Amino acid sequence: MVRLARLREALSVAEGDPELVRSQLQAFGRQIPLLYFILLVNTMAVAITHVNCAPAWLSIYAPIALCALCVIRCVRWWRARHRVLTHDKAVPELRKLIWLSGIFGIAFSTWSLLLFPYGTAYQQAHVAFYIATTVLGGVFCLMHLRAAALLVLSIVILSFATFMVFTGSPVFIAMAIDMTLVGIALAFIVELYYQTFTGVVHAQSELLASQQKTQRLSDDNFRLASIDSLTDLPNRRSFFASLRALSEQALGSGGSGFNVGLIDLDGFKQVNDIYGHASGDLVLQEVGVRLLALAEPGIFFARLGGDEFGVLAQHKQSNETLVELGQRICDTLSQPYRVAGNVAELSGTIGWAAFPEAGTTVAQVFERADAALYVGKESRRGTPVIFSTEHETRIRRSSLVTQELRHADLDSELFLEFQPIYDVISQRTIGLEALGRWHNARLGAVKPEEFIRIAERTELILRITEVLLHKALDEAARWPAELYLSFNLSAIDICTSARARRLIDIVQASGVPPHRVSFEITETAVTRDFEQARASLTMIKKAGCRVSLDDFGTGYSSLSYVHRLPFDTIKIDRSFMTDVDTNSASKKIVKSVLDLCRNLGLECVVEGLETSSQAAVVTALGARAVQGYLFSRPMRASAIAAYLQTALGQGYAVEGQT
Ligand code: C2E
Ligand code: MG
Ligand code: MG
């Protein structure tokens, strides 16, 4: 039973093995011309030697018909040689080839055995030789098609051996035995070869499968490595790869160049703080969708990280087009976002730079787009800004200041001025705000807004804060005990608990009681990392120092900060004072902040009072602590003693007060 099953398997097509079927067809296709060449040459040779001794139908017409069959098959093979068959079609094709091999085997054997009785012993030997060489050649050509090879071998050998045995000639009987034994050996060779062939095909297909799997994995990895998983936009790495490719292309071909845009969201941090990070993620996803909707041929968007996105205009655009595209981007980003059942308002600012005009390297053009974005964020939020030479001057100045600041002897170049904080009710100075000053040999006096902003970007601010805090505390130690020191901090100063700890340590080591020290922090600094800011400010507060919210009203003015952070004081920004005595809106704002502070039990300092009329209005609204040029400009430490003698001693009378 087992043998029969193996025989059936040997004579059938491996239907369940598409790879093997495909390889068999391919290998067999390559041997076909050789197979028919052997058949044609051998058949013609035998036919020629028998023309004179055998009837014409046997020596001329039959071989011509057989050869014609071979030629027809050859032509059909030639025509279909490039055809690629699906597995469904390859199996019947293979089956057809096996049957055709059998039919050819029967046809050629029959013809040669019919021819055998004619002619001399030599001619008979030629027929025997013909059968032997043809079957050998045929079997070798059919090696990859085990079923066809075995079929042909058995048909030819069986018919030949039987025929020879019946002749009764001992020589022919010996030949029959010989052929049969050789045939059996050949069958084994065919089997062995076929096994090796199948093994190689399987090994190759496994190798191919593993290569494809590796390729798929590496394709997946590449995709993951270049796509931002939150927004599905290309990520920073992919953005820079495109930037590099575009710059190489532009420099190589002398092409017109391209434009780089950097987009930053305004108000995103507030969404994160107020609604949580999950909502923040939803907003970023929505931003991704909106940006993708604006993508068009040659315009690509990417997420560079956080709330920063990039855009590449592959072909250089005119300034008008960039402004128009930039405005469309800003407009789409400022549409309301639905988060956690609420509606969040955000806006986007975009800075554009052109390659190679704004920068001839990837880093340079990116930096310039960043500079344009910076200018936009400072003065033109929610609009596109194109990098210009004015920004260039700003960058030069900025890098000059950075350089000087890096190499400055901060201990000797930095100093402080102090501006009194005055209580209009008690008519006494209650504290002094320390304001940083930097005098550099090369740059002269640099405004605090400028050097502090630059220092904040380079983290040099940490060192600056330490130097100034030491100096401020040294001065404060000499003031009357009822005066407090108000000291400005930057966002970076409170961005880790370790830094907050360092500030506390400096205060504690100074000998100035912590309750006499108030740290001022702006709203925008707090919003950088709300949770960390809260942790740091709480630490400072626990150490006994006071905490003030500076420049209130200039940031996002979210009253939720006042509730959620441990402030003692709110300082109303001086921008409201300019028209507080003439503009009822400004007056209302100041009044509502004063009321808020009163209700929450917070101290309120009104900054920037320059005229007695402004002072009269704010005091009438209930302000008590005030600060401004009207009372005193910031002064050198050495001038404080003289000032205190006047202000503390006799007080300062404010117009309209009794
Ligand atoms: P600020 O903390 O709001 O400081 C008040 C600013 O308003 C000071 O400018 C002060 O000179 C100015 N000022 C005071 N009264 C008036 C007035 O009546 N009219 C006008 N027009 N201005 C007035 P300054 O010294 O140029 O400082 C600017 C800003 O730089 C400060 O604003 C503060 O945010 C920052 N800053 C100053 N010193 C330091 C510091 O040591 N560390 C940090 N991190 N920031 C500092
Ligand atoms: Mg301040
Ligand atoms: Mg202020």
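Small disclaimer: the values here were computed from a predicted structure and weren't measured. (Residues numbered from 1 in each chain as written. Chains lettered and ligands numbered in written order. Predicted model: local features only at pLDDT ≥ 70, side-chain atom pairs only at ≥ 80, totals over all residues. Heavy atoms only, no water.)

1. Overview of the packing of helix α10 (residues 277-294) against helix α11 (residues 319-333)
Right, so step 1: For the pair α10 and α11, the least separation of the axes is 10 Å and the interaxial angle reads 150°. In terms of their interaxial angle, α10 and α11 are classed as roughly antiparallel. For the crossing formed where α10 meets α11, the hand is right-handed. For the pair α10 and α11, contact is made by V287, R290, L291 and L294 and by R328, I329, T332 and L333, respectively.
Right, so step 2: In the contact of α10 with α11, the residues fall into 5 nonpolar, 1 polar and 2 charged. (Axes fitted to C-alpha atoms, helices over the stretch in contact; angles between N-to-C directions. Helix = DSSP H or I, 4+ residues; strand = E, 2+ residues; numbered from the N terminus. Parallel < 35°, antiparallel > 145°, perpendicular 65-115°, else oblique. Left-handed = near helix turned anticlockwise from the far one by under 90°. Contact = heavy atoms within 4.5 Å. Nonpolar A, V, L, I, M, F, W, Y, C, P; charged D, E, K, R; others polar.)

2. Topic: the side chain of Q123
Right, so step 1: Residue position: Q123 is located in helix α5 (residues 121-141).
Right, so step 2: Using a relative accessible area of 18% as the deciding quantity, one classes Q123 as buried.
Right, so step 3: Residues within four places of Q123 in sequence aside, it is in contact with T49, H50, C53 and Y118. (Buried < 20%, exposed > 50% of the residue type's maximum accessible area, 1.4 Å probe, protein only.)

3. Points about the coordination of the magnesium ion (ligand 3)
Right, so step 1: Within the first shell, the magnesium ion (ligand 3) binds the protein through D550 (OD), D551 (OD), E607 (OE) and E607 (OE), at distances of 2.0 to 2.5 Å.
Right, so step 2: Sequence spacing of the donor residues for the magnesium ion (ligand 3), all on one chain, is D-D-x55-E.
Right, so step 3: The metal-metal distance between the magnesium ion (ligand 3) and the magnesium ion (ligand 2) comes to 3.8 Å, with D550 coordinating both. Here the residue D551 occupies a position in strand β13 (residues 546-552), and E607 occupies one in the loop between β15 (603-606) and α22 (612-620), the gap between them amounting to 56 residues.
Right, so step 4: The buried category is assigned to E607, whose relative accessible area is 10%. (Donors = N, O, S within 2.8 Å, 3.2 Å for Na, K, Ca; no water.)

4. Examining the UniProt feature "transmembrane region" (unreviewed entry) in the protein chain
Right, so step 1: UniProt records the feature "transmembrane region" (unreviewed entry) at residues 32-51, 57-76, 97-118, 124-142 and 149-166, using the numbering of this structure.
Right, so step 2: For residues 32-51, the helix share is 95%, the strand share is 0%, and the end-to-end C-alpha distance is 28 Å.
Right, so step 3: Helix and strand shares over residues 149-166 are 100% and 0% respectively, and the end C-alpha atoms of the span are 26 Å apart. (UniProt positions renumbered as here; feature names shortened; annotations may be inferred.)

5. Structural notes on the state of the cysteines
By definition, a disulfide links the sulfur atoms of two cysteine residues through a covalent bond.
Right, so step 1: Taken as a whole, this structure holds 0 disulfides when the rule is applied.
Right, so step 2: In this model C74 remains outside any disulfide bridge; the closest cysteine sulfur is found in C70, 7.6 Å from its own.
Right, so step 3: Between C604, a free cysteine, and C597, which holds the nearest cysteine sulfur, the sulfur-to-sulfur gap is 4.0 Å. (Disulfide = S-S within 2.5 Å.)

6. Digging into the UniProt feature "domain: GGDEF" (unreviewed entry) in the protein chain
Right, so step 1: Following the UniProt record, the feature "domain: GGDEF" (unreviewed entry) maps to residues 256-389 here.
Right, so step 2: Along residues 256-389 one finds 45% helix and 30% strand; the C-alpha atoms at either end are 20 Å apart.

7. Observations regarding unusual backbone geometry
Right, so step 1: Cis geometry is adopted by the peptide bond preceding P356, which originates at F355 and carries an omega value of 5°.
Right, so step 2: Residue position: P356 is located in the loop between β6 (347-355) and α12 (362-379).
Right, so step 3: The phi angle at Q427 is positive, at roughly 55°, despite the residue not being glycine.
Right, so step 4: Of note in this structure, D551 is not a glycine but carries a positive phi near 55°.

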